[in-house]
Amino acid sequence: MLADALGRQPVLASERLFSGRIWDVERHELELGGERIVREVIVHPGAVAVVALNEQGEVMLVHQYRHPAGGTLWELPAGLLDLEGEDPLVAAQRELAEETDLEAGSWRTLVDLSPSGGGSTEMIRVYLATDVRELPDAFARVHEEAAMERRWVPLEEVVEAALAMRLHNATLVSGVLALHAMRERGVAAHPADAPFDWHPAHRP
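Residues numbered from 1 in each chain as written. Predicted model: local features only at pLDDT ≥ 70, side-chain atom pairs only at ≥ 80, totals over all residues. Heavy atoms only, no water.

Colleague: So, the overall build of the protein chain: which residues are in play, and what are the values?
Modeller: Within the protein chain, the regular secondary structure consists of 3 helices and 11 strands. In the protein chain, the succession of helices and strands from N to C terminus is β-β-β-β-β-β-β-α-β-β-β-α-α-β. In summary, the protein chain has a C-alpha radius of gyration of 18 Å against a globular reference of 17 Å for 204 residues, a match within 12%. Taken along the three principal axes of its C-alpha coordinates, the protein chain extends 55 × 45 × 35 Å. In the protein chain, which comprises 204 residues, the proportion classed as buried is 40%. Summing over all exposed atoms, the protein chain offers an accessible surface of approximately 12100 Å²; the carbon and sulfur share of this is 51%. (Helix = DSSP H or I, 4+ residues; strand = E, 2+ residues; numbered from the N terminus. Rg over C-alpha atoms; globule rule 2.2 N^0.38 Å. Buried < 20%, exposed > 50% of the residue type's maximum accessible area, 1.4 Å probe, protein only. Areas by Shrake-Rupley, 256 points an atom, 1.4 Å probe, with all protein chains shown as cover.)

Right, here's the structure in full:
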């Protein structure tokens, strides 16, 4: 069975190079293939994202300015796993509510992603939320989220835009393509409580 293998090589020496508001940068020395090598690693808390699908087959997207990317991107509702001990599903439910004023009656796991495994510990779990409904009260959004647009878009339109290279957020592209492939093959998404061994806080 084709599968990634969890298991980090022992770190022989490490140094904190930078401490940031969201992530840190560390210098690690390890032995690989009989050779001592150095890697600079972004230590990231991990994140969750949500493909919220309504009864009309539309996906909830948010449009947000992303300074490092140099533009405003269409994305899935998402957020960091930066509350110690918080269950990823609970975090996803919170982010969906805070960013889109939605809640869902059914949750499944779509896919786990390592966006930049060569330089970052970040792992993102993408959930599928169905039986969605509007919350009675809207959340007060501040800072960059205050001007964030939200929009229901047909799943097929999102897939078409992703394949035409008009969308660039890796989590959005991966999540909608995973959902599309599962629906085409008649495969169910994974349980909401599927093991998350690659969660940054749980890796050995």
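Colleague: I'd like a description of the side chain of Ser120, backed by residues and values.
Modeller: For Ser120, the location among the structural elements is in the loop between strand E8 (102–113) and strand E9 (124–134). In terms of polar contacts, Ser120 uses its side chain to reach the backbone amide nitrogen of Glu122, at 3.0 Å. (Polar contact = N/O pair within 3.5 Å; in protein donor to acceptor, adjacent residues only side chain to side chain.)

Colleague: Talk me through a nonpolar patch on the surface; I want residue IDs and the actual numbers.
Modeller: Taken together, the side chains of Leu17, Phe18, Ile22, Trp23 and Ile42 make up a nonpolar region of the molecular surface, amounting to roughly 420 Å² of accessible area. Inspection of the secondary structure puts Ile42 in strand E3 (residues 35–43). (Patch = residues over 30% accessible without salt bridge, like charges linked within 9 Å, V, L, I, M, F, W, Y side chains within 5 Å. Salt bridge = Lys/Arg side-chain N within 4 Å of Asp/Glu carboxyl O.)

Colleague: If you had to explain the sheet that holds E3 to someone new, which residues and values would you point to?
Modeller: One open sheet accounts for 3 strands, arranged E1-E2-E3; its pairing is antiparallel. Looking at the sheet topology across the chains shown, the edges are occupied by strand E1 (11–19) and E3. Between one strand and the next, the sheet's axes are offset by a mean angle of 20°, whatever the strand orientation. Looking at chain direction, strand E2 (residues 24–32) and E3 are connected through 9 bridges and run antiparallel. Paired with Arg27 across the strands is Glu40, a residue of E3. (Pairing = 2+ DSSP bridges. Axes fitted to C-alpha atoms, helices over the stretch in contact; angles between N-to-C directions.)

Colleague: Could you give me a rundown of the nonpolar core, with the residues and numbers involved?
Modeller: Of all hydrophobic cores here, the largest spans 25 residues; its most connected members are Val51, Leu61, Leu76, Leu110, Val126 and Leu172. For this core, the secondary-structure elements that each account for two or more residues are strand E4 (47–52), strand E5 (58–66), E8, E9, helix H2 (155–163) and helix H3 (170–185). The residues contacting Leu172, other than those within four sequence positions of it, are Leu61, Trp74, Glu75, Leu76, Val158 and Leu167. Grouped together as the second largest cluster of nonpolar side chains are 18 residues, Leu102, Ala104, Tyr127 and Ala192 included. (Core = buried A, V, L, I, M, F, W, Y, C linked by side-chain atoms within 4.5 Å. Contact = heavy atoms within 4.5 Å.)

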